[in-house]
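One-letter residues, chain by chain:
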Amino acid sequence: MGAIHARIQGFRQVNLTSVFSRAIAVTLFVAAGFVPLSPATAADKPALTVSHFKLDNGIELVVIPDRRAPVVTHMIWYKVGAADETPGKSGLAHFLEHLLFKGTAKNPAGHFSSVVARMGGQENAFTSNDYTGYYQRVPGEKLKAVMDFEADRMTGLVLTDAVVLPERDVILEERNQRMENNPRARLGEQIDAALFLNSPYGRPIIGWRHEMEGLTREDAIAFYKRFYAPNNAVVIVAGDVDPQQALTFARETYGQIKPLAGLLPRSRPQEPPPAAARSLTLADPRVEQPLMQRSYLVPSFRLGKAGETEALEVLAHVLGTGSNSRLYRALVVDKPVAVSAGAYYDSSAYDMAKFSVYGVPARGVSLTDLEAAADAVIAAVAEGGVTDDEIERSKSRLIADAIYAQDNQATMARWYGQALMSGATVEDVQKWPERIRAVTAAQVQDVARAWLDKRRSVTGYLVKDETAAAAGKAEQVVPASAGGKRS
Amino acid sequence: MKRVIAAVAGAAVVALVGMTPAAAVTIEKIVSPKGIKAWLVREKTVPLVAMSYAFAGGSVQDDAAKSGTANLVASTLDEGAGELDSKAFQDRLERRAIELSFSATRDQFYGSLRVLNDNRDEAFDLLRLALSQPRFDADAVERVRAQQISALRRDTTNPNNIASRAWWSTAFPDHPYGRETKGSLDSVPSIAIADLRDYARRVFARNDLTISIVGDIDAKAAGDLIDKAFGSLPEKNDLRPVPEAKLAGLGRRIVTEVDVPQAVITFGGAGIQRSDPDFMAAYIVNHILGGGTFSSRLYKEVREKRGLAYGVSESLVWFKSAALYMGGTATRADRTAEALSIIEAETKRMAEEGPTADELAAAKDYLKGAYPLSLDTSSKIAGQLTQIQLDNLGIDYIDRRAAMIDAVTLADAKRVAKRLFGGGMLVTVAGRPKGLASSTQ
């Protein structure tokens, strides 16, 4: 992810794993307390009827009915993200996502967006390491119209320098806004770069500035032709729609596009077994509140053994979600060395995933002491395990999230989309509550012991750069990696 | 732009009625056995209950020297109540996956509750405890206070907060609206536990209480739960009078130096009250200038054509005794002056010429069509119902809304554009913008 560490910016916030193309609509998904790879249904309720189709040209369609409001959420997810970029072209997947709004031969620039606006629709797009997604939220009867537009821009994009170059300035401003203006985000970027020794996950999704500055129209078109195709995409429709009707629409629109021959299977450089604990310190004159953040390299849902990611989900909850979690109790309440502390895990990566722990120190407490206190909590879980009571409490909360999710069609659409991008199936999503319910205390202890090994981790300190602050220097505003180059 | 309240004009509820028969939603006015009023929407699809409620008296009820009191109350209400200390209270919430949240805005103290149907008695009981017997134990208060101070300290170098603070304190120098709801590094340390108790005593009462419930629940059960949660509160609140707010600083530009690569601009001026007959026209005109997703004039001019910013937007904001339009963007230092001049020129052009007929028609379509999107989850519906009640729009507002939008003529839009955008603007900038200095003109 690297793009945003929203969760550590507040106490009970959400871990956003994507870079959205437009700031305005981010709230759509932030609202939902997002648990990756989460649930479709609680085991004790009748399952939602989720339909899953595959058309002849390879495109998949998932339909999640929710007939309460006359609205549909239509999303298309491409199995391509920042991790698929050629080295030296970081930021390209996200740049292309922006450029997909620049028009086709059939629908010139701005036409799609103005029609969506005229429908009263909302739209946006997002890019992660592993996927790029586009969505519209529109009245149910407009579903076919937006499918038609989306199918058109799957292969029909037309780009000129006149639209590409200003948009490159836009993504540079986006980088300024997300990263350069935000010391915590900069720390996250440095941690990712140090954690992933070989995987492209070490590069920021938004891109390194010096490489973003060199991205061209030709780069974008080449990337587009390589990855945008029906046999590399999944369409999710949630809301007021009949599944057979959605299927018919999909056949008439997406179904007409030829599959891409020679689409290569997703295969990125993999991480070697990590051998050394790493630590780094980022000094920034604007830091008024230091931070300790550690990320461990752990399995994702796709790469984990059966039951392993579920145990990691429960572990993250017991260890670091809410004010009765182990970290919060020990570091913030019982012997206060921190003003906040927690842990989170995102199982949805296609390759290796991250398990992260963070703490904001209380006044006068050093980051070293805070880290030692966090280490003691982690060691206690690995050595002494967790109680059945803790497990039950966490499991009920996680499973309840599955039911709450059903109240929000956009959340449901996002869960299914993300699951299918990360190598899971519709059935995996639907069985999520059952799988969580099956987790035992012994499994939680096992995964803590196996994966929360410091040698698998990077510990980052965010501190105030007193020298630069005192001297009023300006170099801190340029990322170290960019070599001071500014446009 | 965190500080700009998303100004969805009374986005509300009844819109669903009649739009699609299968999805019809009906609002009932209910009165609990103890006489507390609420609006109810029965929704059986998902086995949960969502409630939104508001007490009059947000941060305007804070002592001037103790701004942040309402916010600190909101952050500590779930830290123990009655016999339950913080740990026990949190434990009860977590075991039943009960979501209680509290927040203070300038004029209101809001709360929301979400619970699975099976656990609703427990949830409303915990809410009763939190509202009527909050403990405010010293250790919990100090812990939460440390978190607030930590966040405020971070704000001191965050350009968004710097620009926003400068805007509000200049716009309302002698009024509670000018102070941040979360308080300041000076005020938050001085808030005593007695102040928190006093705030709770003065504000949490049954008059000036607005409630909306959505879920798999009937009127009788809803009334009983309302009484359980709110029935033991005092009948009358004890609010201090709040002076009328007067907007100041129009025509000024204030630049605060902060060492960031991207300058943040906050701009705004006098708006139009929610109860004003011109409100709907203002809402439409505002949408054309700076609202919506990718369609506004500001978006096209600042982002699309020139690549000056990742985002730029502008919305209407209204309080009990003030109405504003406010917007913002963030842009590189060497082109901040250019971005600001475009924003000012577009605002002026809108005031002078108003929208075109095409723009007006497109905006009407959008605002009508997008309405159901704000009503597609139980929590959203509950929240919107509360806003409709607070804005006094009437239980049939959702039915009437489309006609109200359609009734706005091009002449109305032009006249109101002038009224809305024809006055001066207060601009604050945080960063190191090249060639842009503070001014009083």
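Presented here is an overview of the structure given in this document. (Residues numbered from 1 in each chain as written. Chains lettered and ligands numbered in written order. Predicted model: local features only at pLDDT ≥ 70, side-chain atom pairs only at ≥ 80, totals over all residues.)

Another aspect to go through is the environment of threonine 356 of chain B. All names here are of chain B. Tracing the backbone through its elements, the reader meets threonine 356 in the loop between α10 (336-353) and α11 (357-369). In this structure threonine 356 comes out as partly exposed when scored by C-beta crowding, with 13 C-beta atoms within 10 Å. Distance in space between the C-alpha atoms of threonine 356 and alanine 413 is 9.3 Å, their sequence separation being 57 residues. (Helix = DSSP H or I, 4+ residues; strand = E, 2+ residues; numbered from the N terminus. Buried ≥ 20, exposed ≤ 12 C-beta atoms within 10 Å, placed from the backbone.)

Right, let's get into the nonpolar core. Residue and element names in this part refer to chain B. Grouped together as the largest cluster of nonpolar side chains are 286 residues, with contacts concentrated most on Ile284 and Val285. With nine residues, the top contributor of residues to this core is helix α8 (residues 279-290). If we ignore the near neighbours within four places in the chain, the residues touching valine 285 are Met350, Pro355, Ala413, Val416, Ala417 and Leu420. (Core = buried A, V, L, I, M, F, W, Y, C linked by C-beta atoms within 7 Å. Contact = placed C-beta atoms within 7 Å.)

Attention shifts here to helix α14 (residues 388-405) of chain A. Over its 18 residues, α14 of chain A extends 26 Å from the first C-alpha to the last, a length consistent with the 26 Å expected when each residue adds 1.5 Å. The buried fraction of α14 of chain A is high, at 14 of 18 residues. (Expected span 1.5 Å × (residues − 1).)

Working definition: the strands of a sheet are paired by backbone hydrogen bonds and lie parallel or antiparallel to each other. Residues and elements named next belong to chain B. The five strands are arranged β7-β11-β8-β10-β9 in an open sheet whose pairing can be described as mixed. Where the open sheet ends on each side, the last strands, each with one partner, are β7 (253-257) and β9 (309-318). Strand-to-strand twist across the sheet, computed as the mean angle between neighbouring axes with direction ignored, equals 15°. Taken strand by strand, helix α5 (residues 159-171) contacts β7, β8 (262-270) and β11 (426-431), and its axis lies near 150° from that of β11. Taken strand by strand, helix α9 (residues 297-304) contacts β9 and β10 (323-332), and its axis lies near 155° from that of β9. (Pairing = 2+ DSSP bridges. Axes fitted to C-alpha atoms, helices over the stretch in contact; angles between N-to-C directions.)

The next point concerns the sheet that holds strand β10 (residues 338-346) of chain A. All names here are of chain A. Across the sheet, which stays open at both edges, the five strands sit in the order β8-β12-β9-β11-β10 with mixed pairing between neighbours. Every interior strand has two partners, whereas the edge strands, β8 (278-284) and β10, have only one. Neighbour to neighbour, the strand axes of the sheet diverge by 15° on average, direction disregarded. Pairing analysis gives seven bridges linking strand β9 (residues 291-298) to strand β11 (residues 353-361), with the strands arranged antiparallel. By the bridge assignment, tyrosine 296 is partnered in β11 with phenylalanine 355. In the packing of helix α13 (residues 367-384) onto the sheet, the strands contacted are β9, β10, β11 and β12 (457-464), and the crossing angle to β11 comes to about 130°.

So, on to the pairing of β10 of chain B. Residue and element names in this part refer to chain B. Along β10, ten of the ten residues are buried, which leaves the element largely enclosed by surrounding structure. Sheet topology note: the β8/β10 ladder contains nine bridges and is antiparallel. If you follow phenylalanine 267 over to β10, its bridge partner there is glycine 327. The sheet contact formed by β9 and β10 spans eight bridges and is antiparallel. Bridge pairing in β10 places alanine 309 opposite threonine 331. Adjacent in sequence and paired antiparallel, β9 and β10 are bridged by four residues.

Once that is clear, we can look at the packing of α11 of chain B against helix α13 (residues 397-406) of chain B. All names here are of chain B. At a closest axis distance of 10 Å, the pairing of α11 and α13 adopts a crossing angle of 175°. Relative to α13, the element α11 is oriented roughly antiparallel. Taking contact as the criterion, the partners of Lys364, Leu367 and Lys368 in α11 are, on α13, Ala402, Ile405 and Asp406. Here the contact of α11 with α13 is built from residues that sort into three nonpolar, no polar and three charged. (Parallel < 35°, antiparallel > 145°, perpendicular 65-115°, else oblique. Nonpolar A, V, L, I, M, F, W, Y, C, P; charged D, E, K, R; others polar.)

Residues and elements named next belong to chain A. With 18 residues, α13 should cover 26 Å at 1.5 Å per step; its first-to-last C-alpha distance of 25 Å lies within 8% of that length. Among the residues of α13, Leu370, Ala373, Ala374, Val377, Ile378 and Val381 are the ones counted as buried. Projected down its long axis, α13 shows its buried positions confined to an angular sector of 135°, all on one face. Seen from the buried face of α13, the exposed residues on the opposite side, beyond 90 degrees, are Thr368, Ala372, Ala376, Glu383 and Gly384. The secondary structure elements touched by the buried residues of α13 are β9, α11 (308-320), α12 (326-334), β10, β11 and α18 (441-451). A positive backbone phi angle near 75° is found at glycine 385, which sits one or two residues after α13. (Arc of directions from axis to C-beta.)

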